[in-house]
Amino acid sequence: MTTAALLLLTGCTSEDETAPTPSLEERGTVLTTVKAERQDLTNKISLAGKVSINPVFGVVAPLSGEVRYVQRQPSKTPASKAVWVATIWNSGQPREVTIPKGSILAGRLMDDRSEVSEGMPIVSARHGGYGIVADIDSAQAYRISGAVSSVTGQIKNGPGPFKCKPKGTIAALPAGVIPEPAPTTAAPQASGAPAPVPTEEPPAESGGSSGSEATGLQLVCTPPDSVQLINGAEVTLDVVTGKAKDVLVLPVEAVAGSQGKGKVDIVDENRNRKTVDVTLGMTDGKVIEIKKGLTGDETIAIPGPNLPTAEAQPQPGQGG
């Protein structure tokens, strides 16, 4: 056999041979599973903040109803005690809204006599002095939108750790407006409400504020007076929004959904999946509390089920 024939035969043999293909699992085969466990859980989030002078925070409606604002002139002086700034009327019953001691009314966030819902920011106030402001992104918003149990601060290359007292609500605020004062010397009163009992609050100084600017989603807190603050200094805040003892938890990767409602895939002895609904609680970002829907004996698939997406809707002008 000639050399050319040997080369041709060798080339054909090389091309015909194929590398062995690894065996692939069938679609839907479960590769990783986990069982729910019981443990203590703390919902803690770390935020980056800065020291700020006279930060603005929001005060919310304590219940749903109609807001009627108190006619007050702007002030330059932080209040020596809580100040009545609005009333929420519900079924003929009034509920006062106040700004806390040490703050200044910054603006109205709604029109007078607007219908508001419980928890909606209706007034902006300005803390008198140093405070700490931390911006919050949308991924963190719902984890800390509820009651904040505690906030601990640490100033970069400075004092800490220290407790930091939250001020107002955690929400983005629209611009606050302070209307021109009415030409009257009568005691301030809420529109449509009886005149309040006179207080010992000193007369407000005019020209103290022209309203407040809109803010992003943020948390405002104030440290103890003993903590030395420098405007603009960077601060790390550890925010705890809740704690629970001996609760059933799963890794977050095993759960689809959020805000109380979710789904998990239970795996039987034949490795078949069954999607079930569960009620969710708090999370620390690694595990999430399962309040309802599981006993703890089930085998759960990781990753969790894919939630169905909405079907594409025909665009205007298209057939369908």
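You'll find the structure just up there.
Presented here is an overview of the structure given in this document. Here the structure is a predicted model, which means the values were calculated and not measured.

About the thresholds
Residues numbered from 1 in each chain as written. Predicted model: local features only at pLDDT ≥ 70, side-chain atom pairs only at ≥ 80, totals over all residues. Heavy atoms only, no water. 1 Å grid on protein atoms, 1.4 Å probe; cavity = no way out; pocket = protein on both sides within 12 Å on 5 of 7 lines; lining within 4 Å. Points joined across faces, edges and corners; volume = space filled by probe spheres on them. Helix = DSSP H or I, 4+ residues; strand = E, 2+ residues; numbered from the N terminus. Pairing = 2+ DSSP bridges. Axes fitted to C-alpha atoms, helices over the stretch in contact; angles between N-to-C directions. Buried < 20%, exposed > 50% of the residue type's maximum accessible area, 1.4 Å probe, protein only. Contact = heavy atoms within 4.5 Å. Disulfide = S-S within 2.5 Å. Salt bridge = Lys/Arg side-chain N within 4 Å of Asp/Glu carboxyl O.

**Here's the deal with empty space enclosed by the protein**
Right, so step 1: Scanning the entire structure with this criterion turns up one cavity of 30 Å³ or more.
Right, so step 2: Quantified by volume, the largest cavity comes out at close to 40 Å³.
Right, so step 3: Val 56, Phe 57, Gly 58, Lys 167, Thr 169, Ala 171, Leu 173, Gln 218 and Val 220 together form the lining of the largest cavity.
Right, so step 4: Those elements giving two or more residues to the lining of the largest cavity turn out to be β3 (56-60) and β14 (218-222).

**Quick notes on the sheet that holds strand β9 (residues 121-127)**
Strand pairing in a sheet relies on backbone hydrogen bonds, with the paired strands running either antiparallel or parallel.
Right, so step 1: Across the sheet, three strands lie side by side as β3-β9-β7; this open sheet has antiparallel pairing. Two strands lie at the open edges of the sheet, namely β3 and β7 (103-108), each paired on one side alone. Averaged over all pairs of adjacent strands, the angle between their axes in this sheet comes to 35°, without regard to strand direction.

**Comments concerning the environment of Leu 41**
Right, so step 1: Inspection of the secondary structure assignment puts Leu 41 in strand β2 (residues 37-53).
Right, so step 2: On the accessibility criterion, Leu 41 (1% relative accessible area) is buried.
Right, so step 3: In the structure, Leu 41 is positioned 243 residues away from Asp 284 in sequence and 7.1 Å away in space, judged by C-alpha atoms.
Right, so step 4: Leu 41 has contacts with Gly 242, Lys 243, Ala 244, Val 247, Val 249, Met 282, Thr 283, Asp 284, Val 287 and Glu 289, leaving out every residue within four places of it along the chain.

**Concerning the state of the cysteines**
Right, so step 1: Tallied over the full model, the rule gives one disulfide.
Right, so step 2: Note that Cys 164 is cross-linked by a disulfide to Cys 221, the S-S spacing being 2.1 Å. Since a negative S-S torsion denotes a left-handed disulfide, the Cys 164-Cys 221 link at about 90° is right-handed. Of the two residues, Cys 164 sits in the loop between β12 (162-163) and β13 (165-167) while Cys 221 sits in strand β14, which places them 57 residues apart along the sequence.
Right, so step 3: By relative accessible area, Cys 221 is classed as buried at 0%.

**Remarks on the side chain of Ser 124**
Right, so step 1: Position of Ser 124 relative to the elements: it lies in strand β9.
Right, so step 2: The buried category is assigned to Ser 124, whose relative accessible area is 0%.
Right, so step 3: Ser 124 has contacts with Val 56, Phe 57, Leu 105, Ala 106, Gly 107, Leu 109, Gly 176 and Ser 212, leaving out every residue within four places of it along the chain.

**Comments concerning the pairing of strand β10 (residues 130-135)**
Right, so step 1: Where β2 meets β10, five bridges bridge the pair, whose relative direction is antiparallel. Within the sheet, the bridge partner assigned to Ser 52 lies in β10 and is Gly 131.
Right, so step 2: Bridge count between β10 and β14: four bridges; the pairing is antiparallel. Residue Ile 132 lies in a different strand from β14, and its bridge partner there is Cys 221.

**Some thoughts on the pattern of salt bridges**
Right, so step 1: Using the criterion set out here, one finds six salt bridges in the structure.
Right, so step 2: The shortest N-O distance in the salt bridge between Glu 66 and Arg 68 comes to 2.7 Å.
Right, so step 3: Two residues, Arg 273 and Asp 265, come together in a salt bridge whose shortest N-O distance is 2.9 Å.
Right, so step 4: A single network of salt bridges, built from pairs that share partners, joins Glu 66, Arg 68 and Arg 113.

**Focus: the sheet that holds strand β5 (residues 83-90)**
Right, so step 1: Strand order in the open sheet made by the four strands is β6-β5-β4-β8, with antiparallel pairing throughout. With partners counted over all chains shown, the strands left at the sheet margins are β6 (93-99) and β8 (115-116), one partner each.
Right, so step 2: For strand β4 (residues 65-69) and β5, the ladder comprises four bridges, and the chain directions are antiparallel. Counted as the bridge partner of Tyr 69 is Ala 86 from β5.

**Notes on the side chain of Thr 222**
Right, so step 1: Tracing the backbone shows Thr 222 in strand β14.
Right, so step 2: With a relative accessible area of 13%, Thr 222 lands in the buried category.
Right, so step 3: If we skip the residues at most four places from it in the chain, Thr 222 touches His 127, Tyr 130, Gly 131, Lys 163, Cys 164, Lys 165 and Lys 167.

Any link to function would need more than the numbers given here.
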